[in-house]
Amino acid sequence: DYLLTQDGIITKESLLYPFEERGLQFGDGVYEVIRIYQGTFDLLEEHIDRLYRSAEAIRLEVPFAKDALIASLHQLSEKNDVQTDAKLYLQITRGSAPREHSFPDVPSNFYAYMEPSERPVSPLQQGVRAVLADDIRWDLCYIKSLNLLPNILAKQTAKEKGAFEAILHKNGTVTEGSSSNVFIIKDKILFTHPAAENILHGCVRSRVLALALKAGLQVKETAFTTDQLLQADEVFITSTTSEIMPVIEIEGSLIGNGKPGSDTRTLQLAYEKESGIQTTA
Ligand code: PMP
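Quick notes on the rules
Residues numbered from 1 in each chain as written. Predicted model: local features only at pLDDT ≥ 70, side-chain atom pairs only at ≥ 80, totals over all residues. Heavy atoms only, no water. Near = heavy atom within 4 Å. Polar contact = N/O pair within 3.5 Å; in protein donor to acceptor, adjacent residues only side chain to side chain. Areas by Shrake-Rupley, 256 points an atom, 1.4 Å probe, with all protein chains shown as cover. Pairing = 2+ DSSP bridges. Helix = DSSP H or I, 4+ residues; strand = E, 2+ residues; numbered from the N terminus. Contact = heavy atoms within 4.5 Å. Axes fitted to C-alpha atoms, helices over the stretch in contact; angles between N-to-C directions. Core = buried A, V, L, I, M, F, W, Y, C linked by side-chain atoms within 4.5 Å. Buried < 20%, exposed > 50% of the residue type's maximum accessible area, 1.4 Å probe, protein only. Parallel < 35°, antiparallel > 145°, perpendicular 65-115°, else oblique. Left-handed = near helix turned anticlockwise from the far one by under 90°. Nonpolar A, V, L, I, M, F, W, Y, C, P; charged D, E, K, R; others polar. Patch = residues over 30% accessible without salt bridge, like charges linked within 9 Å, V, L, I, M, F, W, Y side chains within 5 Å. Salt bridge = Lys/Arg side-chain N within 4 Å of Asp/Glu carboxyl O. Expected span 1.5 Å × (residues − 1). Domains from an automatic or database assignment. Buried area = accessible area lost by both parts, 1.4 Å probe.

A.B. asks: So what exactly am I meant to see when it comes to the site of the ligand here?
C.D. replies: What surrounds the ligand is a group of 18 residues, the closest being Arg50, Lys144, Glu176, Cys203 and Thr240. Between the ligand and Glu176, the relevant distance is 2.6 Å, taken from a nitrogen atom to a side-chain nitrogen or oxygen of the residue. Here an oxygen atom of the ligand and a side-chain polar atom of Thr240 are 2.5 Å apart. Coverage of the ligand by the protein amounts to 92% of the 390 Å² it exposes when considered alone.

A.B. asks: Can you walk me through the sheet that holds strand β2 (residues 8-11) in this structure?
C.D. replies: Strand pairs in the sheet, formed through backbone hydrogen bonds, run parallel or antiparallel to each other. A sheet is described by the order of its strands in space; here six strands give the open sequence β2-β1-β6-β5-β3-β4, paired in antiparallel fashion. The sheet terminates laterally at β2 and β4 (40-41), the two strands that pair on one side only. In the sheet, strand β3 (residues 29-37) pairs with β4 via two bridges, with the strands oriented antiparallel. The residue of β4 that forms the bridge with Ile36 is Phe41. Strands in contact with helix α2 (residues 44-57) are β3, β4 and β5 (86-93); relative to β3, the strand with the most contacts, it is inclined by about 175 degrees.

A.B. asks: Looking at this structure, I do not really get the nonpolar core. What am I missing?
C.D. replies: In summary, soluble globular proteins display a tendency toward joint burial of nonpolar side chains. Judged by nonpolar contacts, the single largest core of 27 residues is most densely connected at Ile48, Leu69, Leu73, Leu88 and Leu90. Mapped by element, the contributors of at least two residues to this core are β3, α2, α3 (66-79), β5 and β6 (109-116). The residues contacting Leu88, other than those within four sequence positions of it, are Glu32, Val33, Ile34, Ile36, Phe41, Leu73, Leu76, Ala112, Tyr113 and Met114. If you look at the next biggest cluster of nonpolar residues, it comprises 18 residues, including Leu124, Val128, Val247 and Ile250.

A.B. asks: What exactly am I supposed to notice about the environment of Gln83 here?
C.D. replies: Structurally, Gln83 can be placed in the loop between α3 and β5. Residue Gln83 is classed as exposed on the basis of its relative accessible area, which comes to 54%. As a C-alpha pair, Gln83 and Met245 span 162 residues in sequence and 24 Å in three-dimensional space. Those residues within four positions of Gln83 in sequence are excluded, and the remaining contacts are Gln38 and Gly39. In terms of polar contacts, Gln83 uses its side chain to reach the side chain of Asp81, at 2.7 Å.

A.B. asks: I tried to follow the packing of helix α6 (residues 203-214) against helix α8 (residues 262-274) on my own but got confused; where do I start?
C.D. replies: A packed helix pair is summarised by two numbers, namely the angle formed by the two axes and the spacing between the axes. In contact at an axis separation of 10 Å, α6 and α8 are set at 115 degrees when each is read in the N-to-C sense. Taken together, the axes of α6 and α8 are roughly perpendicular relative to one another. As for how α6 packs across α8, the hand of that crossing is right-handed. Judged by residue contacts, Val204, Arg207, Val208, Leu211, Ala212 and Lys214 of α6 engage Leu267, Ala270, Tyr271 and Glu274 from α8. Grouping the constituent residues of the contact of α6 with α8 by class yields seven nonpolar, no polar and three charged.

A.B. asks: Help me out: how do you make sense of a nonpolar patch on the surface in this one?
C.D. replies: A cluster of nonpolar side chains, Leu149, Ile152 and Leu153, forms an exposed patch at the surface whose accessible area comes to about 320 Å². Relative to the helices and strands, Ile152 resides in helix α5 (residues 149-160).

A.B. asks: Is there a simple way to explain the side chain of Ser275 in this structure?
C.D. replies: Structurally, Ser275 is set in the segment after α8. Among the polar contacts made by the side chain of Ser275, one reaches the main-chain carbonyl oxygen of Tyr271 at a distance of 2.6 Å. Those residues in contact with Ser275, other than ones at most four positions away along the chain, are Tyr37, Asp42 and Arg207.

A.B. asks: Looking at this model, I keep getting lost on α6. Mind explaining?
C.D. replies: An α-helical turn contains 3.6 residues, so any two residues separated by three or four positions project in the same direction. A rise of 1.5 Å per residue sets the reference length of α6, with its 12 residues, at 16 Å; its end C-alpha atoms lie 17 Å apart and thus fit the reference within 8%. Residue Gly216 follows α6 closely and has a positive phi angle near 90 degrees.

A.B. asks: Sorry, what's going on with the domain arrangement of the protein here?
C.D. replies: Where interface size is quoted, it is often the accessible area lost as the parts come together. For the protein, the assigned domains read domain 1 (2-116) and domain 2 (121-274). Centre-to-centre, using C-alpha coordinates, domain 1 lies 27 Å away from domain 2. Interface of domain 1 and domain 2: buried area, both sides summed, is about 1,700 Å²; carbon and sulfur atoms make up 59% of it. Taken as a group, Tyr31, Leu43 and Arg50 account for 35% of the area that domain 1 buries against domain 2, more than any other trio of residues on that side. Run the count over domain 1 and domain 2 and you get one salt bridge. Residues Asp42 and Arg207 are paired through a salt bridge, measuring 3.0 Å at the closest nitrogen-oxygen approach. Counting only elements with at least two residues in the side of domain 1 that touches domain 2, the list comes to α1 (22-26), β3, α2 and β5. Of all the elements, β3 adds the most residues to the side of domain 1 that touches domain 2, at eight residues. Looking at side-chain class alone, the side of domain 1 that touches domain 2 contains 10 nonpolar, seven polar and six charged residues.

Structure, rendered in structure tokens:
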């Protein structure tokens, strides 16, 4: 297995970082997770664009030009001979230097690797449970930062309560999930939080908004409350690995009749078509 670094493609075992690495010591970096369906990257340019936006927001240099990075990722995929459903993880940190909060004058550290990743077919068909959690994160969640402590704590709470996701809210206004964007459908209108600075601008989120319009739903990028969430006709969350995941129960109360909704199903089918997915859920 190979990974891509700023110095080219090397074996996974040969990447060694010094203990003073800013990703390790400060979470001083940004990352991306990119879906691969049957060996083909999905939404690749969208993810790479977001990576550059995240890096720029924290004044971090990406050690590749955009085109060169995309070409190198294709090379990595070929070298790894990836032909199944998989995902790519990629991160850039502010490099390795003696520990000091302010920026060091050293090159950034970059790596990207791939691993097999099956689609969550059964949850996609049956739906999942969610819980609510306070959104205690900072103001710039559009940056895909390595600092994920609040997200990790929220996800762990969800897991301990037997739920798939924690839906975050600030004073009763739903922002997003711990690792997903959140949508509701009420009276044929699709609502999701606007792509403001306090949520991640999900690549799946954007695609879903376009597909919803095509499917004849009215779309409102308007924030909604936890009460509206609980009273929605349909709820789903979106992410690169979870796609369009129906939410059928939140904090023990059923959404609709407790089964994935028909508009959610329509969007799932359109999504599978759009991303060229062959193994249908
Ligand atoms: N919000 C958060 C906090 C996330 O971690 C993710 C997953 N990357 C998303 C939303 C969904 O983003 P995407 O559709 O690009 O995977």
